[in-house]
Amino acid sequence: MTQEMDLNQRFEAYIASDQKIEAKDWMPDAYRKTLIRQISQHAHSEIIGMQPEGNWITRAPSLKRKSILLAKVQDEAGHGLYLYSAAETLGITRDEMLDALHTGKAKYSSIFNYPTLTWADMGAIGWLVDGAAIMNQVPLCKCSYGPYARAMVRVCKEESFHQRQGFQIMLNLSNGTPEQKEMAQDALNRWWWPSLMMFGPNDASSKHSEQSMRWKIKRFSNDELRQRFVDMTVPQAELLGLTVPDPDLKWNEATGHYDFGPIDWSEFEQVVAGNGPCNRERIETRVAAHENGAWVRDAAAAYAEKSAERASSQTSAA
Amino acid sequence: MADQQHEWILRLGDDALVLAQRLSEWCSHGPALEEDIALSNIALDLLGQARALLTLAGQREGQGRDEDALAYFRTDREFRNALLVELPNGHFGDTIVRQMLFDQFAVLRYEALASQTVDLELAAIAAKALKEVRYHAAHSAQWVVRLGDGTEESHQRVQESLNVLWPYTAELFEDDAVSQACAEAGVLPLNGSFTARWTEQVRAILDEATLTCPESTALLTGGRSGKHTEHLSYMLAEMQVIQRTYPGAEW
């Protein structure tokens, strides 16, 4: 018991002095569990997040756009891979994490349960959803767990490219035909509020926040990050000549921030609870990909085993 | 000769574009994350080749058509790809066998194109593409071997894929007035000249994969003159929908 207390004190002191915790360092169980939950949830979001954008790859309106979108979705698969690997350093396997995703035990970002109805949604997702993700993720590059922090450095570099390509799509649409501009406004109308929800519940009702802040897994509160996102994005919407769908939105001279209207948390709770427009399809698609691929993974494993046997029998014969 | 060149380059470009489109359908449906990434990568390479080739075809044609005009505003009767690359993806084994059969051909064709000095623009595109398709060929051959020599189920599945796809391979080696004109100009040898090396390499892969090379002599052909399978028109309907719905818009 005393030994555990010593370890805990050393751990807390280490974190307090801004040092990184590495995979083999001692850490409290709760810290490990929190990280596994957060990193795997993040990895799952990347993987499920491939679907709403993947939905438009075959219909992209030019070969250049097709190529950029395909590269972007492929980056997301890559982010999923680094993040699963970062989580594996904490003693869980990718199979266990995927199983939790497939059976609904693990969560992923609710934003991906909304449908992508038009090409403008590719712009809105890059601009708003990746923009919000960057706000959340840049501080994670300094999080206390080394493997996660390092994975995030790479993820954030690519995300900022994704955000720019999304904004570029919106810019082309806003400067385009009346139909294109309408498409852009419609996408902003549909993605604005779900993007604000990506920062999670208000600070007062966020259940994981306080401990994570103390452990330096989280560096800023949900509401702080949400405010930063609004302050950054509203001028960009003005530049695009689009209207943010919030009648209460106005610049507050006194605070130096935008005030914005209340978020409909009942919608958020519905989507988190599995009742969003695409929850069922997203998981069904993921599970189908996994199940349809089972014979392929089995074949690869069987072949690897045979090859190893052949190699060892050759060695022993020699 | 100028007309024939344009026609010839379209064939190369359409092979790459149509196969890229098929492979991109795999995105987020792959059997493992690593393979999802690999198939997207191959699709991206092929798409890059298609863009360079269609741009060049448009320039040689001299009617002001760019890559997008050629990709989005031709009908299926105007596409010049081989039938093999437009076939639906099927399961992963179908996709990978189709890829292996095509990759082995693409390597030979790009090797020849990269080493000729008659058309230097085409040679430059081919030299870049060759590095990519050599990697694709290694990837698809490894998977054919893994699946062929994997489990009993995987063996049966890919043998069936091979039996179904084999009759589409002969089209790759057909020659006509267009390919003869290109051969005479020294841009590319006749397609038929690749048959022996292709067959030898494919047989070596199939042997290692413990698969049986089909004996079929059926010849399913028509793509080079725009007589496609029923599948292509659906693929194009999906690919071209936005451009055709909003003609003249910039994206």
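What counts, and where the lines are drawn
- Residues numbered from 1 in each chain as written.
- Chains lettered and ligands numbered in written order.
- Predicted model: local features only at pLDDT ≥ 70, side-chain atom pairs only at ≥ 80, totals over all residues.
- Heavy atoms only, no water.
- Helix = DSSP H or I, 4+ residues; strand = E, 2+ residues; numbered from the N terminus.
- Rg over C-alpha atoms; globule rule 2.2 N^0.38 Å.
- Buried < 20%, exposed > 50% of the residue type's maximum accessible area, 1.4 Å probe, protein only.
- Contact = heavy atoms within 4.5 Å.
- Areas by Shrake-Rupley, 256 points an atom, 1.4 Å probe, with all protein chains shown as cover.
- Lys, Arg positive; Asp, Glu negative; His and termini not counted.
- Charge placed at Lys NZ, Arg CZ, Asp CG, Glu CD.
- Phe/Tyr/Trp six-rings, centres within 6.5 Å; stacked < 30°, edge-to-face > 60°.
- Lys NZ or Arg CZ within 6 Å of the ring centre and 35° of its normal.
- Salt bridge = Lys/Arg side-chain N within 4 Å of Asp/Glu carboxyl O.
- pLDDT = per-residue confidence, 0-100.
- Buried area = accessible area lost by both parts, 1.4 Å probe.
- Axes fitted to C-alpha atoms, helices over the stretch in contact; angles between N-to-C directions.
- Parallel < 35°, antiparallel > 145°, perpendicular 65-115°, else oblique.
- Left-handed = near helix turned anticlockwise from the far one by under 90°.
- Nonpolar A, V, L, I, M, F, W, Y, C, P; charged D, E, K, R; others polar.

Trainee: I'm lost on the overall build of chain B in this one. Help?
Mentor: Across its full length, chain B carries 10 helices and 0 strands. If you list the helices and strands of chain B from N to C, you get α-α-α-α-α-α-α-α-α-α. Expected size for 251 residues packed as a compact globule is a radius of gyration near 18 Å; at 18 Å, chain B falls within 12% of this value. Reported as C-alpha extents along the three principal axes, the dimensions of chain B are approximately 55 × 40 × 30 Å. Looking at the 251 residues of chain B, the share that counts as buried comes to 59%. Taking as baseline every contact in chain B between residues at least 6 positions apart, the subset at least 24 positions apart corresponds to 80%.

Trainee: Looking at this structure, how should I read the overall build of chain A?
Mentor: If you tally the helices and strands in chain A, you get 13 helices and 2 strands. With respect to the principal axes defined by its C-alpha atoms, chain A has extents near 75 × 55 × 35 Å. By the burial criterion, 53% of the 318 residues in chain A qualify as buried. Residue pairs at least 24 apart in sequence account for 76% of intrachain contacts in chain A once pairs closer than 6 positions are excluded. Approximately 14600 Å² of chain A is accessible, and the part contributed by carbon and sulfur atoms is 53%. One way to put it: in chain A the 35 positive side-chain charges average out to a point 5 Å from where the 41 negative ones average out.

Trainee: Got a minute to help me understand the packing of aromatic side chains in this structure?
Mentor: Working definition: an aromatic ring pair is given by the centre-to-centre distance plus the angle between the planes. Tallied over the full model, the rule gives 16 aromatic pairs over all chains. Relative to Trp215(A), the ring of Tyr31(A) has its centre 5.4 Å away and its plane inclined at 90 degrees; by these criteria the two rings are edge-to-face. Taken together, the residues Tyr31(A) in helix H2 (residues 29-48) and Trp215(A) in the loop between helix H9 (209-214) and helix H10 (222-240) connect sequence positions 184 residues apart. Among the residues examined, Trp215(A) registers a relative accessible area of 4% and is labelled buried. The interplanar angle of 35 degrees and the centroid separation of 5.6 Å between the aromatic rings of Trp166(B) and Trp198(B) together place this pair among those described as tilted. Separated by 32 residues along the polypeptide, Trp166(B) in the loop between helix H7 (152-165) and helix H8 (177-185) and Trp198(B) in helix H9 (residues 195-208) bring together distant segments of the chain. The ring of Trp56(A) is capped by Arg59(A), whose NZ or CZ atom sits 3.6 Å from the centre of that ring.

Trainee: How should the pattern of salt bridges be read in this particular structure?
Mentor: Opposite charge on two side chains lets them pair, provided their charged atoms get close. Residue and element names in this part refer to chain A. Counted under the stated rule, the structure contains 28 salt bridges over all chains. Between Asp18 and Lys216 there is a salt bridge, with the nearest N and O atoms lying 3.1 Å from each other. Of this pair, Asp18 sits in the loop between helix H1 (2-16) and H2 while Lys216 sits in the loop between H9 and H10; the two residues are 198 residues apart in sequence, bridging distant segments of the chain. Taking the relative accessible area as the measure of exposure, Asp18 reaches 48% and is therefore partly exposed. In this structure Lys216 comes out as buried when scored by relative accessible area, which is 17%. For the salt bridge of Asp121 with Arg190, the shortest nitrogen-to-oxygen distance reads 2.7 Å. In this pair, Asp121 is assigned in helix H6 (residues 120-137) and Arg190 in helix H8 (residues 178-197), connecting sequence segments 69 residues apart. In this structure, a network of salt bridges that share partners links the residues Glu53, Lys72, Glu76 and Asp130.

Trainee: How should I be thinking about the confidence of the model for chain B in this particular structure?
Mentor: Note: predicted coordinates in regions of low pLDDT should not be interpreted at a detailed level. Residues with a pLDDT of 70 or more make up 99% of chain B, whose mean pLDDT is 96. Among the scores for the predicted complex, ipTM is 0.97 and pTM is 0.96.

Trainee: Please clarify how the interface of chain B and chain A should be interpreted in this entry.
Mentor: Interfaces are often sized by the accessible area lost when the parts come together. Counting residues at the interface gives 48 residues for chain B, matched by 45 residues for chain A. Summing both sides of the interface, chain B and chain A together bury roughly 3900 Å²; the carbon and sulfur share of this comes to 68%. The interface formed by chain B and chain A contains 3 salt bridges. The partner of Lys306(A) in a salt bridge is Asp149(B), with the nearest N and O atoms 3.0 Å apart.

Trainee: For this particular structure, what's the right way to read unusual backbone geometry?
Mentor: Among all residues save glycine, negative phi is the norm, and among peptide bonds the norm is trans. Phi is positive for Lys216(A), close to 60 degrees, though the residue is something other than glycine. With a phi angle near 75 degrees, Ser28(B) is a residue other than glycine that sits in the positive phi range. Note on placement: Ser28(B) falls in the loop between helix H1 (2-24) and helix H2 (33-61). Judged by its relative accessible area of 9%, Ser28(B) is buried.

Trainee: Looking at this structure, how should I read the packing of H2(B) against helix H5 (residues 92-115) of chain B?
Mentor: Geometrically, a packed helix pair is captured by the angle between its two axes and the distance between the axes. All names here are of chain B. Running from N to C, H2 and H5 cross one another at 40 degrees; their axes reach a closest spacing of 13 Å. Taken together, the axes of H2 and H5 lie oblique to each other. Crossing geometry of H2 relative to H5 is assigned as left-handed. Taken together, the residues of H5 that come into contact with H2 (itself represented by Glu35, Leu39, Ile42, Leu46, Gln49 and Leu53) are Phe92, Gln99 and Tyr110. Of the residues in the contact of H2 with H5, the class split is 6 nonpolar, 2 polar and 1 charged.

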